[in-house]
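Survey of secondary and tertiary structure
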Amino acid sequence: MTMTTTPDLVRSALLGTDLADPQLFADTDYHRTFRYLREHDPVHWNPEGVEPAFWSVTRYDDCLAVLKNTKDFSSAVTNTLGQQRWHGDEGAGRMLTHTDAPRHTELRRIVNKSFTPRAVASLEPYLRSVIGDALDRALAAGECDLVEVVALLPVASIAALLGVPQEDWEPLLTLTTAAFGSADQDVQTSPSARASAAQAHAQLLLYCQDLMDQRAEDPRDDIVTSLAEARRAGVLTEEDAMLFFDLLLLGGNETTRHGAVGALLGLMEFPDQWRLLRADRSLLTPAVGEVLRWASPSKHVLRRTVHDVELGGQRIEAGADVVVWHFSANRDRRVFTDPDRFDVTRSPNPHLGLGAGSHYCLGASLATMELRVFLDELCDRVGAAEMLRPPAHLASTVISGFKNLRLRLTPA
Ligand code: HEM
């Protein structure tokens, strides 16, 4: 009798699996698929399916090698999987994420100073009150959807840095949620959701244009003023400046939101880690690193080869798309001991949750501060969380997260 081993079973399940299909991430234990790929086919050819063909990179060292090598691997055409790969990406060669040096360096210089740890530190007291109030409301209600509870945190943070006046934060949150509200494919493909998203997006761009005009007249110490100045100096066109505004609103929105949700899930799944963190807040910084590794809110980025290259024993031709799966690199046992365990004391923790190389997350200081504040306020206020029903994963190749997470929270 022939024995069927687990790798055989996974291999046959993999045949025909399209890694670009968002539904894969909603419906299956995708970590199992990627564990198999890391061990048996680390630089994997994904033939054309819902999207054009691409290479899939799943081991830590190979992912890091791609992210650090901007000469061979370009960001300029597009930087994620998605339907824009069929018809072209409007940000190509223009948006910070979609450029290579020297244009990339020039664009990053416009906003760098607004994202230093010092610049974002001034927001901390305000963010504490935003998240503290949101948790208090959830505790008072007894039951909540955590995905909703944490929604205001990223929008309020970036709105403050951009220089959006406080009275506009709530409407901005409503518009941002309507425009980019869900990374979930089921929402994105609904015609009515698409129409209202386009309308909300147009309103956001008009808002940005107005604000830039105001700042051109009356400069302040904020990002919209930096964009208005770059526009006046001819470094950005009007449209480039609006794309930048868009990117900043979008870049940290779903990522941070689902990072916070992932943080609580990690603590719920590993209650010993929650006890440890509650008792010793000096662990907050390593805990944030562990959230970014274990939950990996950004699932992947994409690069296009400029020359023929060799990677993980495969020859990749110039002009090929190469997908770097952060979450898979972050679970590579070659680098992380017991990689599926959520361990707030993990050290060292060289995770790729915020990317690496020249496109390393611009909002890293802001994102880590937001998650630190969230964990700290959570440990102060919440003693336990009970899942009311199993969470549904987002159908998304881009964001690791959940459509909703219904919980009953108990005070600390
Ligand atoms: C937990 C939260 C976050 C995660 C997991 C995350 C993840 C990432 C990753 C993986 C990249 C690299 C993209 C690439 O290599 O092409 C990136 C870049 C970027 N992130 Fe974040 N991010 C987060 C929060 C934020 C926040 C709060 C902002 C604020 C606006 C932000 C703005 C950006 C921008 C503008 C880039 C592009 C940088 C460049 O191309 O030079 N991110 N982020």
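A brief structural summary. Worth saying up front: this structure is predicted, and the values here are computed from it rather than measured.

A look at the site of the ligand
The ligand sits among 30 residues. The nearest are His104, Arg108, Arg303, His359 and Cys361. Between the ligand and the protein, one listed contact pairs an oxygen atom with a side-chain N or O atom of arginine 108 at 2.7 Å. Within the side chain of arginine 303, one N or O atom sits 2.7 Å away from an oxygen atom of the ligand. Listing elements by their share of the shell around the ligand, those giving two or more residues are helix H6 (103–111), helix H15 (238–251), helix H16 (253–269), strand E5 (300–305) and helix H20 (364–381). Classifying every residue of the shell around the ligand gives 13 nonpolar, 14 polar and three charged.

Quick look at the sheet that holds strand E4 (residues 143–145)
Backbone hydrogen bonds hold the strands of a sheet together, and the pairing may be parallel or antiparallel. If you trace the three strands from one edge of the open sheet to the other, you get E4-E12-E9, paired in antiparallel fashion. Strands at the two margins of the open sheet, each flanked by one partner only, are E4 and strand E9 (382–387). Between one strand axis and the next, the sheet turns by 35° as a mean value, whatever way the strands run. Both E9 and strand E12 (residues 406–411) contribute to a ladder of five bridges, which runs antiparallel. If you follow alanine 385 over to E12, its bridge partner there is leucine 409. On top of the sheet, H20 reaches E9 and E12; it is set at about 95° to E9, its chief contact.

Quick notes on the pairing of E5
Counting buried positions over the six residues of E5 gives five, a clear majority of the element. Two elements, strand E3 (residues 73–74) and E5, share two bridges in a ladder whose sense is antiparallel. The residue bridging serine 74 from the neighbouring strand is arginine 304, located in E5. Note that E5 and strand E8 (residues 321–325) share five bridges and pair antiparallel. Within E8, the position partnered with arginine 303 by the bridge is valine 322.

Describing the packing of aromatic side chains
Scanning the entire structure with this criterion turns up 14 aromatic pairs. Between tyrosine 60 and phenylalanine 336 the ring centres are 5.8 Å apart and the planes differ by 80°, which places this aromatic pair in the edge-to-face class. Residue tyrosine 60 is located in helix H4 (residues 60–68), and its partner phenylalanine 336 is located in the loop between helix H19 (326–329) and H20; the two are separated by 276 residues in the primary sequence. Tyrosine 60 gets classed as buried once you look at its relative accessible area, which sits at 8%. With a relative accessible area of 2%, phenylalanine 336 lands in the buried category. With a centroid separation of 4.9 Å and an interplanar angle of 50°, the aromatic rings of tyrosine 126 and tryptophan 169 are classed as tilted. Of this pair, tyrosine 126 sits in helix H8 (residues 124–141) while tryptophan 169 sits in helix H11 (residues 169–180), and the two are 43 residues apart along the sequence. Counting every residue linked through ring pairs, the aromatic cluster contains Phe25, Tyr30, Phe34, Trp325 and Phe327. Here the basic side chain of arginine 293 rests over the ring of phenylalanine 336, its NZ or CZ set 5.3 Å away from the ring centre. Here lysine 299 stacks its cationic end above the ring of tyrosine 30, 5.3 Å away from the centre of that ring.

As for the side chain of arginine 303
Relative to the helices and strands, arginine 303 resides in strand E5. As a buried residue without a salt bridge, arginine 303 has its nearest oppositely charged side chain in aspartate 100, at a separation of 6.7 Å. A polar contact of 3.3 Å, which involves the side chain of arginine 303, links it to the side chain of serine 75. If near-sequence neighbours (up to four positions away) are discounted, arginine 303 is found in contact with Val66, Leu67, Phe73, Ser74, Ser75, Asn79, Ala320, Asp321, Val322 and His359.

Side note on the coordination of the iron atom of the ligand
With respect to protein ligation, the iron atom of the ligand binds only Cys361 (SG), at 2.3 Å. Here cysteine 361 lies in the loop between H19 and H20.

So, unusual backbone geometry
Omega for the peptide link from alanine 101 to proline 102 comes to 5°, which places this bond in the cis form. Structurally, the position occupied by proline 102 is in the loop between helix H5 (84–87) and H6. In the segment running from serine 347 into proline 348, the intervening peptide bond is cis, with an omega of -5°. Structurally, proline 348 can be placed in the loop between H19 and H20. For aspartate 338, which is not a glycine, the phi torsion comes out positive at approximately 45°. Counting through the fold element by element, aspartate 338 comes out in the loop between H19 and H20.

Observations concerning the sheet that holds strand E2 (residues 54–57)
Pairing is mixed across the open sheet formed by five strands, whose spatial order is E1-E2-E8-E5-E3. Looking at which strands have only one partner, the edges of the open sheet turn out to be strand E1 (43–46) and E3. Inspection of the sheet shows E1 paired to E2 by four bridges, in the antiparallel sense. Bridging across to E2, tryptophan 45 finds its partner in tryptophan 55. Here H4 sits on the sheet and contacts E1, E2, E3, E5 and E8; the angle it forms with E8, its principal contact strand, is near 125°.

Each value, and the rule that gives it
Residues numbered from 1 in each chain as written. Predicted model: local features only at pLDDT ≥ 70, side-chain atom pairs only at ≥ 80, totals over all residues. Heavy atoms only, no water. Near = heavy atom within 4 Å. Polar contact = N/O pair within 3.5 Å; in protein donor to acceptor, adjacent residues only side chain to side chain. Helix = DSSP H or I, 4+ residues; strand = E, 2+ residues; numbered from the N terminus. Nonpolar A, V, L, I, M, F, W, Y, C, P; charged D, E, K, R; others polar. Pairing = 2+ DSSP bridges. Axes fitted to C-alpha atoms, helices over the stretch in contact; angles between N-to-C directions. Contact = heavy atoms within 4.5 Å. Buried < 20%, exposed > 50% of the residue type's maximum accessible area, 1.4 Å probe, protein only. Phe/Tyr/Trp six-rings, centres within 6.5 Å; stacked < 30°, edge-to-face > 60°. Lys NZ or Arg CZ within 6 Å of the ring centre and 35° of its normal. Lys, Arg positive; Asp, Glu negative; His and termini not counted. Salt bridge = Lys/Arg side-chain N within 4 Å of Asp/Glu carboxyl O. Donors = N, O, S within 2.8 Å, 3.2 Å for Na, K, Ca; no water.

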